[in-house]
Amino acid sequence: MARGGINKALVSKARETLLGRGVNPSIDAIRVELGNTGSKSTIHRYLKEIEEEASARLDDEALLSQPIKDLVGRLARVLRQEAQELIDQSQNHHEEQVKNLNARVSEFEKALATAEKALEDKGSELQSMQTELHTVKASEAELKAKELESKQTESKLQALLTEKQSQIRSLEEKHRHNREATEHYRQAVKEQREQDQRKHEQQVQQLQAEIRALNQTISVKQSDITHLNKDNGRLAAELMSSQKQVANLESEQRKLQNQADSLLSKTAAMEAELVRLTNNSVEQEALRNKIIKLESWKENGQVKIAKLETEVAVKTEMLESLAVERSQNIETAQQEN
């Protein structure tokens, strides 16, 4: 599997593998062994450092016995192999964690975008509902004003009708009094005529003229009564029309009230949906915090890998120091002999 980068330990391991197979550890051969990763200049620099260290160790190891050399070599190879295995495991685990984290981050971002889109749509729908509700309320207020105006008109018409009926009753009362007075007068005239027909013939004629005048007056009054009856009928028709208009306005008001109640129910449902989406936003914020923690774990893993590499370098230096010390001890012993 190709790696994202190389280090000195990887180059050293590839060199030893090639030497073990009897292949010349050239720059190209080492790069192929590393899976065609790393620049040639980097491989050349690491290879040069490794060869210099190997040359220095060969100079020092020439004074050591072969068993000690073999032991030190095996120990160094085992330590490098163990360190490399730890590094590979950590790096593979880290890459798997990064892959999983990137997948989860992508899923969370998609879910967040979907939730934000749904929240925006619900907010637009809620705004539209509120606008419609305001329009309905304005229409309801206008209808109430019309209803109040109709009631006031009805009250005025009722008062006018009452006044006309009062006038009719007054005229009828006057007509009855006039009729009674005429009848009484006729009776008096008749009795007077019977008593003294000759003596009061002129007066009778005068009275008959007055009767004709009274009849004309009564005719005029009856015409007025007929006119008032027509006005009364017209006012009754207008009153009935006003009552029908009030009934229609009340029906429209009930319809608008039902629409307002339905809109209020929808508004309440939208507000509940908005609360739920807000809670989803809180959960998404918690997921973001988890992603931040995972990123922190990722950084800690990288720090641990760096520590392992440092530990391998320290152990290598300790082995080299041990080899140098043993070489000095052997040299001292040889000088004493």
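Data block above holds the structure.
Residues numbered from 1 in each chain as written. Predicted model: local features only at pLDDT ≥ 70, side-chain atom pairs only at ≥ 80, totals over all residues. Heavy atoms only, no water.

Regarding the overall build of the protein
So, step 1. Looking only at helices and strands, one finds five helices and zero strands in the protein.
So, step 2. Across the protein, helices and strands are ordered from the amino to the carboxyl terminus as α-α-α-α-α.
So, step 3. Counting only carbon and sulfur atoms, one obtains 51% of the accessible surface of the protein, whose full area is about 23400 Å². (Helix = DSSP H or I, 4+ residues; strand = E, 2+ residues; numbered from the N terminus. Areas by Shrake-Rupley, 256 points an atom, 1.4 Å probe, with all protein chains shown as cover.)

Digging into the nonpolar core
So, step 1. Core analysis: the biggest nonpolar cluster contains 12 residues, these being Ile 6, Leu 10, Val 11, Ala 14, Leu 18, Ala 29, Ile 30, Leu 34, Ile 43, Tyr 46, Leu 47 and Ile 50.
So, step 2. Looking at this core, the elements that each hand over two or more residues are helix H1 (8-20), helix H2 (27-33) and helix H3 (40-61).
So, step 3. With residues near it in sequence (within four places) discarded, Leu 47 still touches Val 11, Arg 15, Pro 25, Ile 27 and Ile 30.
So, step 4. If you look at the next biggest cluster of nonpolar residues, it comprises six residues, including Leu 133, Val 136, Leu 256 and Leu 263. (Core = buried A, V, L, I, M, F, W, Y, C linked by side-chain atoms within 4.5 Å. Buried < 20%, exposed > 50% of the residue type's maximum accessible area, 1.4 Å probe, protein only. Contact = heavy atoms within 4.5 Å.)

Quick word on H1
So, step 1. Compared with an ideal rise of 1.5 Å per residue, which puts 13 residues at 18 Å, H1 spans 18 Å between its outermost C-alpha atoms and is within 8% of the ideal.
So, step 2. If you check which residues of H1 are buried, you get Leu 10, Val 11, Ser 12, Ala 14, Arg 15 and Leu 18.
So, step 3. Where H1 begins, one side-chain oxygen reaches toward the backbone nitrogen of Ala 9, 3.2 Å away; that side chain belongs to Asn 7. (Expected span 1.5 Å × (residues − 1). Polar contact = N/O pair within 3.5 Å; in protein donor to acceptor, adjacent residues only side chain to side chain.)

Quick word on unusual backbone geometry
So, step 1. One non-glycine residue with positive phi stands out, namely Asn 36, at about 60 degrees.
So, step 2. Locating Asn 36 in the fold gives a position in the loop between H2 and H3.
So, step 3. Judged by relative accessible area, which is 48%, Asn 36 ranks as partly exposed.

Details of the environment of Ser 262
So, step 1. Mapped onto the secondary structure, Ser 262 falls in helix H5 (residues 201-336).
So, step 2. Residues Ser 262 and Leu 133 lie 129 residues apart in sequence; the distance between their C-alpha atoms is 9.6 Å.

Digging into the side chain of Asn 7
So, step 1. Here Asn 7 is to be found in the segment before H1.
So, step 2. Classification of Asn 7 by relative accessible area gives buried; the value is 17%.
So, step 3. Of note is the side chain of Asn 7, whose polar atom sits 2.8 Å from the backbone nitrogen of Leu 10.
So, step 4. When neighbours within four sequence positions are excluded, Asn 7 is seen to be in contact with Tyr 46 and Glu 309.

A closer look at the side chain of Glu 140
So, step 1. Its place among the elements puts Glu 140 in helix H4 (residues 66-196).
So, step 2. Relative accessible area serves as the criterion here: at 12%, Glu 140 is assigned to the buried category.
So, step 3. If we ignore the near neighbours within four places in the chain, the residues touching Glu 140 are Leu 256 and Gln 257.

Section: the pattern of salt bridges
So, step 1. For the structure shown, the criterion picks out 10 salt bridges.
So, step 2. For Lys 146, the salt bridge identified is with Glu 142, shortest N-O distance 3.9 Å. With Lys 146 and Glu 142 both in helix H4, this residue pair falls four residues apart, about one helical turn.
So, step 3. A cluster of three or more residues bridged by salt bridges with shared partners is formed by Lys 8, Glu 49 and Glu 53. (Salt bridge = Lys/Arg side-chain N within 4 Å of Asp/Glu carboxyl O.)

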